[in-house]
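# Structural characterization, general
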Amino acid sequence: MQIQNDLLLRAAKGEKVERTPVWLMRQAGRILPEYRAVRESVSGFIELAQTPELAAEVTIQPVDLLGVDAAIIFSDILVIPEAMGLPYEMVEKRGPWFPNTVSSASDLQKLRVADGANDLSYVIKAIEITKKELNGRVPLIGFAGAPWTIFAYMVEGSGSKTFSKARAMLYTEPKLSHQLLQMITDSTVNYLKAQIQAGADLVQIFDSWAGILGPEQYEEFSLRYIRQICDAVNEVPKTVFAKGAFFAREAMGKLNCETIGLDWNMGISESRKMIGENKTLQGNLDPAALYGNPDQVRATTIQMMEQFKGGRHIANLGHGVYPDIDPEMVKVFIQTVKSFS
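Residues numbered from 1 in each chain as written. Predicted model: local features only at pLDDT ≥ 70, side-chain atom pairs only at ≥ 80, totals over all residues. Heavy atoms only, no water.

## Digging into the packing of aromatic side chains
We apply this condition: Pairing of aromatic side chains here covers Phe, Tyr and the six-membered ring of Trp, requires ring centres within 6.5 Å, and sorts the geometry by plane angle: under 30 degrees stacked, over 60 edge-to-face, intermediate tilted. Numbering of helices and strands runs from the N terminus; a helix is a DSSP stretch of H or I covering at least four residues, while a strand is a stretch of E covering at least two. Working definition: with a 1.4 Å probe on protein chains only, accessible area under 20% of the residue-type maximum means buried, over 50% means exposed, and in between means partly exposed.
Summed over all chains, the structure comprises 11 aromatic pairs. Relative to F241, the ring of F206 has its centre 6.2 Å away and its plane inclined at 75 degrees; by these criteria the two rings are edge-to-face. Separated by 35 residues along the polypeptide, F206 in strand 5 (residues 202-207) and F241 in strand 6 (residues 238-242) bring together distant segments of the chain. Each member of the pair, F206 as well as F241, carries the same accessibility label: buried. Aromatic ring contacts, followed pair by pair, group Y35, F45 and F74 into a single cluster.

Below, the structure is given as structure tokens:
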């Protein structure tokens, strides 16, 4: 299907664009009253993500309501552990929680490498429905968590400030750690390929907990697996977003992907020098800037855009939009990017 607004895909590939494309991480979510209405019609986040028709509906909402240049499928990075045999629950106000965790070789034996198309058929179905309903208006982004970030939750059992259990395992059980990371990587490749088969036009790898590892451990236990995914998935453009991994930017410039996402702590001109001219940079306004008034939001957005000017760029925030941000300020951000020249 011909995509009418293909700015995002052209920007990712480094082709000429009339203006910078813009979308937001977590754009399908709690900032929108329309999303909250859909979510209240079901038992919670997981039921919403596992109901393809509803997941498709909330995926498309930001395209209609905010005017973004891409949709990103409504799902969660933790569908991978569940598909591998380690289910999780989403606890209100506390986030994900795993009743069982991985701490030994016997735990590893209970897991399997997930087959994306069958084990995660509800996400695949949601992508198919979304593609049909978007009818080529904008591209659809598929995504998965990076293996280290998924590993961190599977070992720790929940979110954490330190992920000390997960980090301890890298030191005390390096062989077991690599085995689990490889299983997650193989599952992720299967999953992303199934998403692309179903219609995803671009995929993003989220390494949300990249920044809690030191440089050497990040290379050994995260980047080598992201590299495998980038090398295995060649069908569509790929974006790698590793929050806090400022020390790995040069190495990321060598990944087999088109776009590197920057968080708001990463200097733009410094990142461009480290990553090089051959990658598109995505980001990186501080989400907290959207708490400002319209004039302040416009000013900070223009300041960001000026710094990216002249290079390959997809406009976004430096992390997901916070749930209590006024959707009107999100619209100011989007409109400012669109009118910037």
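Here the narrative resumes, following the displayed structure.
## Some details on the pairing of strand 8 (residues 280-285)
The following threshold applies: Strand pairing is assigned whenever DSSP detects at least two bridges linking the two strands. If the strands point away from the viewer and the path from the first strand over the helix to the second runs clockwise, then the crossover is right-handed.
Within strand 8, 6 of the 6 residues are buried, leaving the element largely enclosed by the surrounding structure. Inspection of the sheet shows strand 7 (residues 259-261) paired to strand 8 by 3 bridges, in the parallel sense. Bridge pairing links T259 to T280 in strand 8. Handedness of the β-α-β unit built from strand 7, helix 14 (residues 268-275) and strand 8 comes out right-handed. Pairing of strand 8 with strand 9 (residues 313-317), which is carried by 5 bridges, proceeds in the parallel orientation. Across the sheet, the residue bridging to Q282 is I314, located in strand 9. In this fold, strand 8 hands off to helix 15 (residues 294-308), which returns the chain to strand 9; that crossover is right-handed.

## Observations concerning the side chain of T301
Test applied: Throughout, a contact is declared for two residues whenever any of their heavy atoms are within 4.5 Å.
Turning to its location among the elements, T301 is positioned in helix 15. T301 gets classed as buried once you look at its relative accessible area, which sits at 0%. Beyond its immediate sequence surroundings of up to four residues, T301 is in contact with L285, F333, T336 and V337.

## A look at the pairing of strand 4 (residues 140-145)
Most of strand 4 is tucked away: 6 of the 6 residues are buried. Residues L140, G142 and A144 line one face of strand 4 and the alternating positions I141, F143 and G145 line the opposite face, and both faces are buried. With 2 bridges connecting them, strand 1 (residues 71-72) and strand 4 associate as parallel partners. Bridge pairing links A71 to L140 in strand 4. Examined bridge by bridge, strand 4 and strand 5 share 5 bridges and lie parallel to one another. Along strand 5, the bridge assignment pairs G142 with V203.

## A few points about the packing of helix 11 (residues 174-198) against helix 12 (residues 215-232)
The relative placement of two packed helices is expressed as an angle between their axes plus a distance between the axes. Where we set the bar: Helix axes use the C-alpha atoms of the stretch in contact, all axes being lines fitted to C-alpha atoms, and the angles between their N-to-C directions lie in the range 0 to 180 degrees. Under this scheme an angle from 65 to 115 degrees is roughly perpendicular, one under 35 degrees roughly parallel, and one over 145 degrees roughly antiparallel; angles in between are oblique. Left-handed is the label given to a crossing in which the near helix is rotated counterclockwise from the far helix by less than a right angle, and right-handed is the label when the rotation is clockwise. Residue polarity is assigned by list, with Asp, Glu, Lys and Arg as charged and Ala, Val, Leu, Ile, Met, Phe, Trp, Tyr, Cys and Pro as nonpolar; anything else, Gly included, falls into the polar class.
At a minimum axis distance of 10 Å, the contact between helix 11 and helix 12 shows a crossing angle of 25 degrees. The pairing of helix 11 with helix 12 is recorded here as roughly parallel in orientation. The hand of the helix 11/helix 12 crossing is right-handed. Where helix 11 approaches helix 12, its residues P174, S177, H178, L181, Q182, T185, D186, T188, V189, L192 and K193 are matched on the opposing element by E220, F221, R224, Y225, Q228, I229 and A232. Here the residues of the contact of helix 11 with helix 12 sort into 8 nonpolar, 6 polar and 4 charged.

Functional significance is not addressed by these values, which are geometric in nature.
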